[in-house]
Amino acid sequence: MALHKPSTAKRILTVDLPMAAILVFTLGPYLWMFITSISDESTLFTEGPSLLNATIENYTRLFRTVGFAENLLDSFIVAGGTVIVGLSLSVTAAYSFSRFNFKGKRILMLQFLLINMFPLVLLILPLFVLMRVLGLLDTHIALIIANSTVAIPFSIWMMVSYMNGIPRSLDEAAMTDGCTRMQALRRVVLPLCLPGIIATGIYIFITSWNEYLYALTLGGRNVRTITVAVQTLIGEYEVQWGLLTAGGIVGALPATVLFLLVQKRLISGLTQGAVKG
Amino acid sequence: MTHVSETPKQRASLGRQVLPYAMLTPAVLVTLAIVFFPMLQTAWMSLHEYVLFRPNDFTWVGLDNFKAALNDEVFWISLKHTIVWMCTTIPAQLLLGLVTALLLNQDFPWRPVARALIIIPWALPSVVIALMWVWIYDSNYGIANEFLLRMGLIQQAIPWLADPDTALASIILTLTWQGFPFFAVMILAGLQSIPQSYYEAASIDGASAWRQFWHITLPGISGVMMTAVLLRMIWVANSFDVIFVMTGGGPGYATHTLPLYAFIKARTNLDFGYGSAIAVLFTLLLMVVVVFYLKRTGKAVS
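On a predicted model such as this, the values are computed, not experimentally measured, just so you know.

**Here we look at the overall build of chain A**
The number of helices and strands found in chain A is 13 helices and zero strands. For chain A, the α and β elements follow one another from N to C terminus as α-α-α-α-α-α-α-α-α-α-α-α-α. At 24 Å, chain A has a C-alpha radius of gyration far larger than the 19 Å of a compact globule built from 277 residues. When the backbone C-alpha atoms are referred to their principal axes, chain A occupies close to 75 × 75 × 35 Å. Burial analysis of chain A (277 residues in total) assigns 46% to the buried set. Within chain A, counting contacts between residues at least 6 apart in sequence, those at least 24 apart form 77% of the total.

**Focus on the overall build of chain B**
For chain B, the helix and strand inventory stands at 14 helices and two strands. Relative to the globule expectation of 19 Å for 302 residues, the C-alpha radius of gyration of chain B, 25 Å, shows a markedly less compact shape. Every one of the 302 residues in chain B was classed for burial, and the buried ones make up 37%.

**Points about the packing of helix H4 (residues 73-104) of chain B against helix H11 (residues 209-238) of chain B**
Two quantities define a packed helix pair, namely the angle between the axes and the distance from one axis to the other. Residue and element names in this part refer to chain B. It is the contact of H4 with H11, at a shortest axis distance of 11 Å, that shows an interaxial angle of 140°. With respect to their mutual orientation, H4 and H11 come out oblique. The two elements H4 and H11 meet at a crossing, and its hand is right-handed. Here H4 contributes Met86, Thr89, Ile90, Gln93 and Leu94 to the contact with H11, which in turn contributes Met225, Val229, Arg232, Met233 and Val236. Split into classes, the residues belonging to the contact of H4 with H11 amount to seven nonpolar, two polar and one charged.

**Thoughts on the nonpolar core**
Within the largest apolar cluster, 151 residues are counted, with the highest numbers of intra-cluster contacts made by Ile124 of chain A together with Ile187 and Ile278 of chain B. The element that contributes the greatest number of residues to this core is helix H7 (residues 140-164) of chain A, accounting for 16 residues. There are two domains that each give this core at least three residues, and those are domain 1 (3-46) and domain 2 (64-301) of chain B. Aside from chain neighbours lying at most four places away, what touches isoleucine 124 of chain A is Leu213, Tyr214 and Thr217 of chain A together with Phe263 of chain B.

**Let's talk about unusual backbone geometry**
All names here are of chain A. Despite not being glycine, aspartate 138 shows a phi value in the positive range, around 65°. Mapping aspartate 138 onto the fold places it in the loop between helix H6 (121-134) and H7. Owing to 15 C-beta atoms within 10 Å, aspartate 138 belongs among the partly exposed residues under this scheme.

**With respect to the confidence of the model for chain B**
Residues of chain B with pLDDT of at least 70 account for 94%, and the chain-wide mean is 83. At the level of chain-chain contacts, confidence expressed as ipTM amounts to 0.83, with global pTM at 0.84.

**Digging into the domain arrangement of chain B**
Residue and element names in this part refer to chain B. Under the domain assignment, chain B is made up of domain 1 (3-46) and domain 2 (64-301). Taken over C-alpha atoms, the centre of domain 1 sits 37 Å from the centre of domain 2. Taken together, the contact pairs four residues of domain 1 with seven residues of domain 2. Residue classes in the side of domain 1 that touches domain 2 are distributed as two nonpolar, two polar and no charged.

**Section: helix H13 (residues 258-268) of chain B**
Residue and element names in this part refer to chain B. Most of H13 sits inside the fold, with nine of its 11 residues counted as buried. Of all the residues in H13, the buried ones are Leu258, Pro259, Leu260, Tyr261, Ala262, Phe263, Ile264, Lys265 and Ala266. Positive backbone phi, at 55°, marks leucine 270, one or two positions downstream of H13.

**A word on the environment of leucine 127 of chain A**
One can find leucine 127 of chain A in helix H6. Of the residues examined, leucine 127 of chain A has 24 C-beta atoms within 10 Å and is grouped as buried. Leaving out residues up to four positions away in the same chain, leucine 127 of chain A has contacts with Ala146 and Leu218 of chain A together with Pro38 of chain B.

**Re the environment of methionine 86 of chain B**
Residues and elements named next belong to chain B. As for its position among the elements, methionine 86 is in helix H4. Residues methionine 86 and arginine 232 lie 146 residues apart in sequence; the distance between their C-alpha atoms is 9.5 Å. Excluding residues within four positions of it along the chain, methionine 86 makes contact with Met233 and Val236.

Each value, and the rule that gives it
- Residues numbered from 1 in each chain as written.
- Chains lettered and ligands numbered in written order.
- Predicted model: local features only at pLDDT ≥ 70, side-chain atom pairs only at ≥ 80, totals over all residues.
- Helix = DSSP H or I, 4+ residues; strand = E, 2+ residues; numbered from the N terminus.
- Rg over C-alpha atoms; globule rule 2.2 N^0.38 Å.
- Buried ≥ 20, exposed ≤ 12 C-beta atoms within 10 Å, placed from the backbone.
- Contact = placed C-beta atoms within 7 Å.
- Axes fitted to C-alpha atoms, helices over the stretch in contact; angles between N-to-C directions.
- Parallel < 35°, antiparallel > 145°, perpendicular 65-115°, else oblique.
- Left-handed = near helix turned anticlockwise from the far one by under 90°.
- Nonpolar A, V, L, I, M, F, W, Y, C, P; charged D, E, K, R; others polar.
- Core = buried A, V, L, I, M, F, W, Y, C linked by C-beta atoms within 7 Å.
- Domains from an automatic or database assignment.
- pLDDT = per-residue confidence, 0-100.

Rendered as structure tokens:
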């Protein structure tokens, strides 16, 4: 064996084992929640959660008695609406930042970065007052607007980074061939950064899906998203941990699955700016 | 197709000057309306006595709300917790994230799987995170007590979240768990951008692994770590939802932090004037910290 090549045993000891320990710490709580959710409620406290006698009883009860389906639909409308608002407003803005040099560009870009610097609590109080005045409390629109406060600057930021990756010469070529700016954007740039747009959209979907404080403050009896529903469960079924954890799994599942699908592209887009800067 | 040939040159260049602004207008207008206008409104509300169940009562009180906050014992308790909370959570996340990133940068057979799984806590809704940790900390049936009892580390079950002495520490552990994957992913990206040739040159010169880490790795990722810490400070400042669901700020005021206190004041007491004042104070404090941090790290890097 070469002198500098570390042996397999050493690698297992210094890399594999610590990594496995960190992964256990990372995934343990999630797995524990899952195991609890498929355990029989009646034996949960006597024998503890276990994989033997797995049951889906908690899940069927969840949809039958608690009405989780409606909450899922509300979350879906809010998250989907936020994706549409966030993406449609930021495509042209991102293109403008990526392709033009104009007066005030720095300030305007800074403005979109700064938005995310302010604590959410500064926004949540006035938004409540605003929605109350406009009569929008307890509607999907109110939640879409609230989530857009985060989604718009975020997607502008991401899309500028994706568009910068597409050579300017391509839209110039399209314009020499007779396209207008907007046509160049629609026919050349957008299709090329479609993967990036999809990743951004999915990320917006996940954050809106997971959002809780706005949903609690601006929602109500008609519009109750899944996160608020899970929290209400905690209050109502205090010690029925089988049911509660089933609610947690259902609430987290869509976001988790979507996230695993796009994480590679998303992380490269997110970290690009940080690594270069 | 012949738009361009029809328009005179001047008009085309005028169009070119206006176009970027036109394309920005929708996004700028909407953010002005839903972000900047509400923020100003918070500042405005903080200067008034404004309790929501007295609808017509919106009296100018100047800085009275701020004076009241400075004389409010709970404000100082919350401030203390906010400082403890940020000064422990962020370094813990950074350290654990750094170790994880260094491990993920090594060569081992199941690396792709580890890289994909490590990020999961990041994608979970904060309510679900709160739910599962409340279950873990449960005083009667929680696995934390079970585990520690079996290991013989504690003699009797501890009600982690109900005991004022352990509640804040328990929540800090949860927040660390939630946030360290973010650091790991950011730092990993930084590590991958360091050219392999640096290490080859260093080991030819006989530099030890520790010296390589100190002189190549750390400088190589300092920029990323700086950005990550900054983003995290702001994010941690926002993440009172986990605390809100886990303890609601209790027992007593044991887990109150400033943003949570502002939120509770407005939500439970409907005292929007006072709540806004605390929110504004918190924002100002946070901005001072951020500016100070940027100045210090900016100097350190250059």
